[in-house]
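A look at the structure
Next come the chains, spelled out residue by residue.
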Amino acid sequence: MAAAADALSGDAGAAATPVPAVVELPLDGYLLLRDHVRSTFAFNRTSLAGHGLGALIVEIIFAPVAPSGLLFGWGLLFAIVWMGRAVMAWRFERNEPTDAAALQKRLRLWQLGVLASGALWGAAAWLFWPWGDGLHQLALVLVAYTFCVASVTILAPHFPLFVVFVLSIFVPAIARVALQGSPLGLKVAAMMVVAMGMTLLLGRTYRDSFERAMALKLRTEALAVQLGKEKAVADAA
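Quick look at the structure, then. The shown structure was predicted, so the numbers you read here are calculated from the model rather than taken from an experiment.

Scoring rules and cut-offs
- Residues numbered from 1 in each chain as written.
- Predicted model: local features only at pLDDT ≥ 70, side-chain atom pairs only at ≥ 80, totals over all residues.
- Heavy atoms only, no water.
- Helix = DSSP H or I, 4+ residues; strand = E, 2+ residues; numbered from the N terminus.
- Buried < 20%, exposed > 50% of the residue type's maximum accessible area, 1.4 Å probe, protein only.
- Phe/Tyr/Trp six-rings, centres within 6.5 Å; stacked < 30°, edge-to-face > 60°.
- Contact = heavy atoms within 4.5 Å.
- Expected span 1.5 Å × (residues − 1).
- Polar contact = N/O pair within 3.5 Å; in protein donor to acceptor, adjacent residues only side chain to side chain.
- Patch = residues over 30% accessible without salt bridge, like charges linked within 9 Å, V, L, I, M, F, W, Y side chains within 5 Å.
- Areas by Shrake-Rupley, 256 points an atom, 1.4 Å probe, with all protein chains shown as cover.
- Salt bridge = Lys/Arg side-chain N within 4 Å of Asp/Glu carboxyl O.
- Axes fitted to C-alpha atoms, helices over the stretch in contact; angles between N-to-C directions.
- Parallel < 35°, antiparallel > 145°, perpendicular 65-115°, else oblique.
- Left-handed = near helix turned anticlockwise from the far one by under 90°.
- Nonpolar A, V, L, I, M, F, W, Y, C, P; charged D, E, K, R; others polar.
- Core = buried A, V, L, I, M, F, W, Y, C linked by side-chain atoms within 4.5 Å.

Things to note about the overall build of the protein chain
Along the protein chain, the regular secondary structure elements total 9 helices and 0 strands. From first element to last, N terminus to C terminus, the protein chain shows the α and β order α-α-α-α-α-α-α-α-α. In the protein chain, which comprises 237 residues, the proportion classed as buried is 32%.

Below is the structure:
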């Protein structure tokens, strides 16, 4: 009888064993970084095509009015940066890094390429502005503003980089317009400040939406992994 009671007690204890509590699983930092870099580099072809086309438009529009030395110097620097970014994109597609350190290095190089491109567009706004007439200046502003708006979906998740990129383009253009000193120039400069602010606000809004979507995705993946572990425990019991 005592043995039977002990057996029943043991069975009851086993049956009363609590189910493992739901816990927060640590996220795989490497996988998060890899997905982040992949999503960033996915826009490379479109971005490079747009930058190349924009540079070609600037060169064609200002060819009759700007000094050849300016056209050649700016175009050469732009081509060097563009080729460097293109080679990096090609290398990533052909040979994706397999460790976090290499991914971080590739991401930093991409960020440097973005900053260099932004600096060159800001330089274009400053250097080409005095040449040509109002239509030339309008085309220059439109090209620069287009790249700022188009960069929202690519750079907004890297919000500090996005801010620096936008400022590096807008600030030289705004300064060049304001330095004309005319009432119309000051009004146009004020409008450009508003446009810059709206672009930055749009980027911040997109960044917030992107982060919420990523948080939901990561939470779903963590719950799926946790469910798989709990199912394995239940199957083994």
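Overview of the packing of aromatic side chains
Any two aromatic rings considered together are summarised by their centre-to-centre distance and by the angle between their planes. In the structure shown here, the tally under the stated rule is 8 aromatic pairs. Pairing Phe 41 with Phe 92 gives two aromatic rings, centres 4.4 Å apart and planes at 25°, and the pair type is stacked. Here the residue Phe 41 occupies a position in helix α2 (residues 29-41), and Phe 92 occupies one in helix α4 (residues 68-94), the gap between them amounting to 51 residues. The class for Phe 41 is buried, based on a relative accessible area of 6%. Owing to a relative accessible area of 7%, Phe 92 belongs among the buried residues under this scheme. Considering the side-chain rings of Phe 78 and Trp 121, the 5.3 Å spacing of their centres and the 70° angle between planes classify their relative orientation as edge-to-face.

Re the side chain of Arg 106
Residue position: Arg 106 is located in helix α5 (residues 100-127). Residue Arg 106 is classed as buried on the basis of its relative accessible area, which comes to 12%. Residues within four places of Arg 106 in sequence aside, it is in contact with Phe 41, Met 88, Arg 91, Phe 92, Asn 95 and Pro 97.

Here we look at helix α6 (residues 134-150)
End to end, α6 covers 24 Å across 17 residues, agreeing with the expected 24 Å (1.5 Å per residue, within 8%). Considered for burial, the residues of α6 that qualify are His 136, Gln 137, Ala 139, Leu 140, Val 143, Ala 144, Phe 147 and Cys 148. Put simply, Asp 133 is the residue that caps the front of α6, since its side-chain oxygen is 3.1 Å from the backbone nitrogen of Leu 135.

Quick notes on a nonpolar patch on the surface
On the surface, Leu 53, Leu 56, Ile 57 and Ile 60 cluster together to form a nonpolar patch covering roughly 370 Å² of accessible area. Looking at the secondary structure, you find Leu 56 in helix α3 (residues 44-62).

Structural notes on the packing of α3 against α4
The geometry of α3 relative to α4 is characterised by a closest axis approach of 10 Å and an angle of 170° between their N-to-C directions. Classified by the interaxial angle, the pair formed by α3 and α4 is roughly antiparallel. By crossing handedness, the relation of α3 to α4 is classed as left-handed. Of the residues in α4, those in contact with Asn 44, Arg 45, Ser 47, Leu 48, His 51, Gly 52, Ala 55, Val 58, Glu 59 and Phe 62 of α3 are Leu 71, Trp 74, Gly 75, Phe 78, Trp 82, Arg 85, Ala 86, Ala 89 and Glu 93. Partitioned by chemical class, the residues of the contact of α3 with α4 number 10 nonpolar, 5 polar and 4 charged.

Some remarks on the nonpolar core
A general feature of soluble globular proteins is that nonpolar side chains tend to end up buried together. Membership of the largest hydrophobic core comes to 48 residues, with the highest contact counts inside it found for Val 58, Trp 74, Trp 110, Trp 121, Phe 128 and Leu 155. Per-element accounting of this core gives the leading share, 10 residues, to helix α8 (residues 159-178). Apart from the residues lying within four places of it in its own chain, the contact partners of Trp 110 are Thr 40, Phe 41, Asn 44, Arg 85, Met 88, Ile 154, Leu 155, His 158 and Leu 161.

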